Amino acid sequence: MASLLRAAANPPGQFPWRGYCSRGTKGELSKGFVEALKAVVGSPHVSTTAADREQHGHDESMHRCRPPGAVVWPQNVEQVSRLAALCYSQGVPIVPFGTGTGLEGGVCAMQGGVCINLTRMDRILRVNPQDFSVVVEPGVTRKTLNTYLRDSGLWFPVDPGADASLGGMVATAASGTNAVRYGTMRDNVLNLEVVLPGGRLLHTAGLGRHFRKSAAGYNLTGLFVGSEGTLGLITAATLRLHPAPEATVAATCAFPSVQAAVDATVHILQAAVPVARIEFLDEVMMDACNRHSQLNSFVAPTLFLEFHGSERALAEQIERAEEITQHNGASHFSWAKGAQERSRLWAARHNAWYAALALRPGCKGYSTDVCVPISRLPEILVQTKEDLKASGLTGCIVGHVGDGNFHCILLVDPEDTEELRRVRDFGKQLGRRALALHGTCTGEHGIGLGKRQLLQEEVGVVGMEIMRQLKAMLDPRGLMNPGKPPPAAGSFCPRRSFLKSSVITTPQVMADGLHDAWEGQNPRRTQV
């Protein structure tokens, strides 16, 4: 026991590697270590059942399930800190988990270890209405937050489609349909409370601070937004809120071609029409949405638009947008002014992923996620549509074209190795085309498991080296979500201009010892 406590106090790099494994097993957590986890969070909040482990070993992507050795549900930041200290002292990999709605395999436990599910930390800690900010724990979902804010005149507009946890949205730098007007998570996170790999607590902008701008030191908050669980565990986030719009109108309109729809998008943006959402769906996606969501829309390349503002401002925006779209050949206009009608329309758009999966029941979906400068959007979208037709793959195109980001949703039989290869080749080809046009390989889904090589090609040798050094400084043992970026260095690429861009013997004594060390840091719950 004394040796275990000494191990917990040793500096990083001197712990017994893989001491958490049972003898004669590969990556299986020892019974003593599992008991130590239970001593921290309580027995009901630890599971080693096959069902729970498999559920937490994958997301919505086509990447193969890689289950952790155990799943733990902490209830507060103190428990997260003690769990991190316990795992790090024994060389146990740590994989943070939210709602599991990611699309790049970011939650796959590549080296086993402990999955820390943060969804039971779901309190809204403080709303600052006069400062337009809110402090939430990571398990709060975006829909829950907006329901809570309903009577305040404020809302949180970042909307990735799925009812994702806000902690997961921070970790993946999520965005979605409203990004063209309100920005992505990178633009809407003011401060973070983060438990670092060894259990230390960091407030990235300072304890309790929620200012709108600062020139003080490095942007630590920005470092953790999009870090995909590789640098620490997010235990609270201070988010920027926005005034709820006085009035809202949504619309759809069909176009004779992909080129015409994308040209209309660019012209609307160039005319400075303050559109809140502008989404593109090709004819295959529209047909799938009609079937899945019981719509009766015209099957053609289509734009979904939404406008926010006063009644007078909306009339001007709608008139200008209709003029531009008609100039580009738009037809079959459909306006949705009532809340229920708008909700039904956007529900169909948000369910596009599941509508696409229904095109080939039993198959998995793979989504590309490139983002390019607006001026290059027509070129890449038209070429991608031609490539998709030529590939023989089943797929469709949908995208947040207002900021240059779009997705090809490809359906693949996971048992068909040849089809899997063709899908991966298609994704890499599209990613490299985006890079050649000064874009990014991922606008919002993150790197995860599928885009590690493209990350190297995107940021270059020096960029990868700096990322590796940051990772090594914060996580010297490489235990935070191992197997995810940053990987080995790649090659240099030119400048880009895209708009958005993841053998315990007495467990209670061990847990108490770690708790004493943790208490010395005093990382009590305070406002981020």
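In case you missed it, the structure is sitting above this.
Residues numbered from 1 in each chain as written. Predicted model: local features only at pLDDT ≥ 70, side-chain atom pairs only at ≥ 80, totals over all residues. Heavy atoms only, no water.

Asker: How should the packing of helix 2 (residues 31-41) against helix 4 (residues 77-89) be read in this particular structure?
Answerer: To characterise two packed helices, one gives the angle between the axes of the helices and the distance between these axes. One can describe the packing of helix 2 onto helix 4 by two numbers: an axis separation of 9 Å at closest approach and a directional angle of 160 degrees. It follows from the interaxial angle that helix 2 and helix 4 lie roughly antiparallel. Every pair of crossing elements has a handedness; the one defined by helix 2 and helix 4 is right-handed. Contact residues: Phe33, Ala36, Leu37, Ala39, Val40 and Val41 in helix 2; Gln79, Arg82, Leu83, Leu86 and Cys87 in helix 4. A per-class count over the contact of helix 2 with helix 4 returns nine nonpolar, one polar and one charged. (Axes fitted to C-alpha atoms, helices over the stretch in contact; angles between N-to-C directions. Helix = DSSP H or I, 4+ residues; strand = E, 2+ residues; numbered from the N terminus. Parallel < 35°, antiparallel > 145°, perpendicular 65-115°, else oblique. Left-handed = near helix turned anticlockwise from the far one by under 90°. Contact = heavy atoms within 4.5 Å. Nonpolar A, V, L, I, M, F, W, Y, C, P; charged D, E, K, R; others polar.)

Asker: How do you make sense of the sheet that holds strand 10 (residues 233-240) when you look at a structure like this?
Answerer: In a beta sheet, neighbouring strands are held together by backbone hydrogen bonds and run either parallel or antiparallel to one another. Strand order in the open sheet formed by five strands is 5-6-10-8-9, with antiparallel pairing between adjacent strands. Strand pairing shows two members of the sheet lacking a second neighbour, strand 5 (124-128) and strand 9 (201-203), which therefore form its edges. Averaged over all adjacent pairs, the angle separating strand axes in this sheet is 10 degrees, with direction ignored. Two strands pair when backbone bridges link them, and strand 8 (residues 189-195) and strand 10 are joined in this way by six bridges, in the antiparallel orientation. Residue pairing for strand 10: Val189 is matched across the bridge by Leu239. The strands touched by helix 4 within the sheet are strand 8, strand 9 and strand 10, with strand 8 carrying the most contacts at an inclination of about 50 degrees. (Pairing = 2+ DSSP bridges.)

Asker: Please clarify how the sheet that holds strand 3 (residues 94-97) should be interpreted in this entry.
Answerer: Across the sheet, four strands lie side by side as 1-2-4-3; this open sheet has mixed pairing. Among the strands making up the open sheet, the edge pair consists of strand 1 (46-47) and strand 3.

Asker: Is there a simple way to think about empty space enclosed by the protein in this case?
Answerer: Empty space among the atoms becomes visible once a probe the size of a water molecule is rolled across them. Put simply, the largest cavity is a space of about 60 Å³. Lining the largest cavity are Ala251, Thr252, Cys253, Leu305, Phe307, Ala321, Glu322, Thr325, Phe333 and Trp335. Here the lining of the largest cavity is built from residues that sort into seven nonpolar, two polar and one charged. (1 Å grid on protein atoms, 1.4 Å probe; cavity = no way out; pocket = protein on both sides within 12 Å on 5 of 7 lines; lining within 4 Å. Points joined across faces, edges and corners; volume = space filled by probe spheres on them.)

Asker: Is there a simple way to think about the pattern of salt bridges in this case?
Answerer: Side-chain pairs of opposite charge can arise where the charged atoms are in close proximity. Evaluation of the coordinates by the stated rule reveals 19 salt bridges. The salt bridge partner of Lys38 is Glu35, with a shortest N-O separation of 3.6 Å. Separated by three residues within a single helix, Lys38 and Glu35 lie in helix 2, roughly one turn from each other. On the basis of relative accessible area, Lys38 is assigned to the partly exposed category, the value being 25%. A salt bridge links Glu418 to Arg421; its shortest N-O distance comes to 2.5 Å. (Salt bridge = Lys/Arg side-chain N within 4 Å of Asp/Glu carboxyl O. Buried < 20%, exposed > 50% of the residue type's maximum accessible area, 1.4 Å probe, protein only.)

Asker: Can you walk me through helix 12 (residues 311-327) in this structure?
Answerer: Three or four residues apart is the spacing at which side chains of an α-helix point the same way, because the helix has 3.6 residues per turn. Here helix 12 is 17 residues long and its end C-alpha atoms lie 24 Å apart, about the 24 Å a rise of 1.5 Å per residue gives. Along its buried surface, helix 12 packs onto strand 12 (247-254), helix 10 (258-270), strand 14 (302-309) and strand 15 (331-336). A positive backbone phi angle near 90 degrees is found at Gly329, which sits one or two residues after helix 12. (Expected span 1.5 Å × (residues − 1).)

Asker: Could you clarify how one ought to interpret the nonpolar core in this entry?
Answerer: Taken as a class, soluble globular proteins show a tendency for nonpolar side chains to be buried jointly. With 43 residues, the main nonpolar core has Leu303, Ile380, Leu381 and Phe406 as its most contacted residues. Listed by contribution, the elements that provide at least two residues to this core are strand 12, helix 10, strand 13 (275-281), strand 14, helix 12, helix 15 (377-391), strand 18 (405-412) and helix 16 (417-436). With six residues, the single largest contributor to this core is helix 10. Those residues in contact with Phe406 that lie beyond four places of it in its chain are Thr368, Asp369, Val370, Leu377, Ile380, Leu381, Thr384, Ile397, Val398, Gly399, His400 and Leu430. The next biggest cluster of nonpolar side chains, apart from the first, holds 30 residues, and it includes Leu192, Val194, Leu231 and Ala237. (Core = buried A, V, L, I, M, F, W, Y, C linked by side-chain atoms within 4.5 Å.)

Asker: Hey, could you run me through the packing of aromatic side chains in this one?
Answerer: To describe a pair of aromatic rings, one takes the distance between the centres and the angle between the planes. Throughout the structure, instances matching the rule amount to three aromatic pairs. Considering the side-chain rings of Phe304 and Trp346, the 5.9 Å spacing of their centres and the 65 degrees angle between planes classify their relative orientation as edge-to-face. You can see Phe304 sitting in strand 14 and its partner Trp346 sitting in helix 13 (residues 339-350), a full 42 residues away along the chain. With respect to burial, Phe304 and Trp346 carry one shared label: buried. The cationic tip of Arg277 hangs over the ring face of Trp346; the distance from NZ or CZ to the ring centre is 4.5 Å. (Phe/Tyr/Trp six-rings, centres within 6.5 Å; stacked < 30°, edge-to-face > 60°. Lys NZ or Arg CZ within 6 Å of the ring centre and 35° of its normal.)

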